[in-house]
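Letter by letter, the chains look like this.
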Amino acid sequence: MTADEPLVLGIETSCDETGVGIVRGHTLLADAVASSVEEHARFGGVVPEVASRAHLEAMVPTIQRACDTAGIQLRDVDAIAVTHGPGLAGALLVGVASAKALALGLGKPIYGVNHLAAHVAVDQLEHGPLPEPCLALLVSGGHSSLLRVTDITGHEGGIDPLGATIDDAAGEAFDKVARLLGLPFPGGPHIDRVAREGDQVAIDFPRGLTGRRDLERHRFDFSFSGLKTAVARWVEARERSGEPVPVADVAASFQEAVCDVLVRKALDAASAEGIEDLMIGGGVAANSRLRAMAEERAGKLGIRVRVPRPGLCTDNGAMVAALGATMVARGRQPSSLDLPADSSLPVTDVLAG
Ligand code: KG4
Ligand code: ZN
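Cut-offs used in this document
- Residue numbering note: each chain is counted from 1, following its sequence as written.
- Written order determines the labels here, with chains lettered from A and ligands numbered from 1.
- Local features in this predicted model are restricted to residues whose pLDDT is 70 or higher, and side-chain atom pairs enter the listing and the counts only when it is 80 or higher, whereas totals over whole chains, interfaces and linings include all residues.
- The basis for the side-chain values is all heavy atoms of the structure; hydrogens and waters are excluded.
- In these notes, a set of buried Ala, Val, Leu, Ile, Met, Phe, Trp, Tyr and Cys residues joined through side-chain atoms within 4.5 Å is what counts as a nonpolar core.
- Residue burial is assigned from relative accessible area. The probe radius is 1.4 Å, only protein chains are included, and a residue is buried under 20% of its type maximum, exposed over 50%, and partly exposed in between.
- Each helix is a run of DSSP H or I of at least 4 residues and each strand a run of E of at least 2, with the numbering of both proceeding from the N terminus.
- Throughout, a residue-residue contact means that at least one pair of heavy atoms, one from each residue, lies within 4.5 Å.
- Here a donor is any nitrogen, oxygen or sulfur atom (N, O, S) within 2.8 Å of the metal, with 3.2 Å used for Na, K and Ca; water is not among the atoms considered, so some sites may look incomplete.

S.K.: Would you mind showing me how to read the nonpolar core here?
M.R.: If you look at soluble globular proteins, the nonpolar side chains tend to sit buried side by side. Formed by 50 residues in total, the largest nonpolar core has its most connected members in Leu137, Phe254, Leu262 and Ile280. Every element with two or more residues in this core is listed here: strand S6 (134–139), helix H6 (170–180), helix H7 (187–195), helix H9 (225–240), helix H10 (247–273), strand S9 (277–281) and helix H11 (288–301). If one sorts the elements of this core by residue count, H10 sits on top with 15 residues. Those residues in contact with Phe254, other than ones at most four positions away along the chain, are Ala173, Phe174, Val177, Ile191, Phe205, Leu227 and Val231. Formed by 33 residues, the second largest nonpolar core is a distinct cluster that contains Val113, Leu116, Ala118 and Leu125.

If you want it as structure tokens, here you go:
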């Protein structure tokens, strides 16, 4: 870390985590996260109004905590970065308004960045500069995409989507299957934990969009809704027969089906594009089976895998700061102070004008 690298504070409020991260270049100085997940758990999903209010309450203390941890004063920062989409509109607004207030009050530039690109950029805090081109498998609660990344700042078509889910996101499938197995929300980490006690080949669940016909049209796309229905049918049949549901085996077999498809398609895309570096980001990248399977299969093909540590995979402010710092380092134009929150921002729009 050198003092001439940009000191950037990043704010993330797209869903239920209020994240404030501080980085200098590629060095992580603070990663403060306040989550409202407990307030949503009894509803089985994130309630937007509850999330927005929680962001409002958590924002100032979380900024303070991040500054204390990093040992800096707010006036020391060179720029403010903020997630301006995609995500929940009201939740995004709290982050964007806070970032504008800071930028205006401190007289610093503001960078409105894309949440999805930030999930990829965060890996630089752990493994150094991102190889470009790289193939990014982005798997979160709301998105599942395969991206060819030639410039993480999105400059001149730097992010090229090769494929995406045609129905549920991978994280959404984890959350829905967890719910039907009686596991708490959000389900991903619980399935991950329970699956360790189960047999991953106990039940042969379907692998969406991997048949010969599907591959012609949807080679790099995903579909998880059929898998979710297959799990529901299997569990119902078990319950009707009066036999106990083997929760660990169902979790392990379901997880295996998701990871198998994700890894298979990501490696196919990397090979097809002649790319030797696979980056996996987003909340589902915290999954232990996905990480192990990707390492194992990529190794055989000579493809290197980069996955941030689990705490940096789920939503946080450090990822936003990391992308902001890359914007500053590459001399990108800051955003206008009237930048909007955009709940359906496409992955290709990395920096707000
Ligand atoms: O990226 P993220 O924190 O928020 C969004 O941008 O959506 O992703 C949240 C998703 C949730 O669906 C959660 O169940 C899933 O990531 N997730 C996991 C694990 N940890 C979080 N899925 C599988 N295994 C995990 N260990
Ligand atoms: Zn996310």
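Next comes the rest of the account.
S.K.: Even after reading the chapter, I still don't get H7, so can you show me in this structure?
M.R.: For an α-helix, 3.6 residues make a turn, and residues three or four places apart therefore share a direction. Within H7, burial applies to Gly187, Gly188, Ile191, Asp192, Val194 and Ala195. Contacts from the buried residues of H7 go to H6, H10 and H11.

S.K.: Could you clarify how one ought to interpret the coordination of the zinc ion (ligand 2) in this entry?
M.R.: Tetrahedral coordination by four donors puts the ideal angle at the metal at 109.5 degrees, and octahedral coordination by six puts it at 90 or 180 degrees. Note on the zinc ion (ligand 2): its protein donors are His115 (NE2), His119 (NE2) and Asp315 (OD). The metal-donor distances range over 2.0 to 2.1 Å. Look at where the donors of the zinc ion (ligand 2) fall in the sequence and you get H-x3-H-x195-D. Here His119, found in helix H4 (residues 115–121), pairs with Asp315, found in the loop between helix H12 (310–313) and helix H13 (318–329); they are 196 residues apart in sequence, far enough to count as distant.

S.K.: Would you mind going over unusual backbone geometry with me for this structure?
M.R.: Trans peptide bonds make up most of the peptide bonds, and negative phi angles are found at most residues other than glycine. Backbone torsion omega between Glu132 and Pro133 reads 10°, so that peptide bond is classified as cis. Within the fold, Pro133 resides in the loop between helix H5 (124–127) and S6. Phi is positive for Glu156, close to 45°, though the residue is something other than glycine. Note on placement: Glu156 falls in the loop between strand S7 (144–149) and strand S8 (159–164). Located in the positive-phi region is Leu209, a residue other than glycine, with phi close to 55°. Relative to the helices and strands, Leu209 is located in the loop between H7 and helix H8 (212–218).

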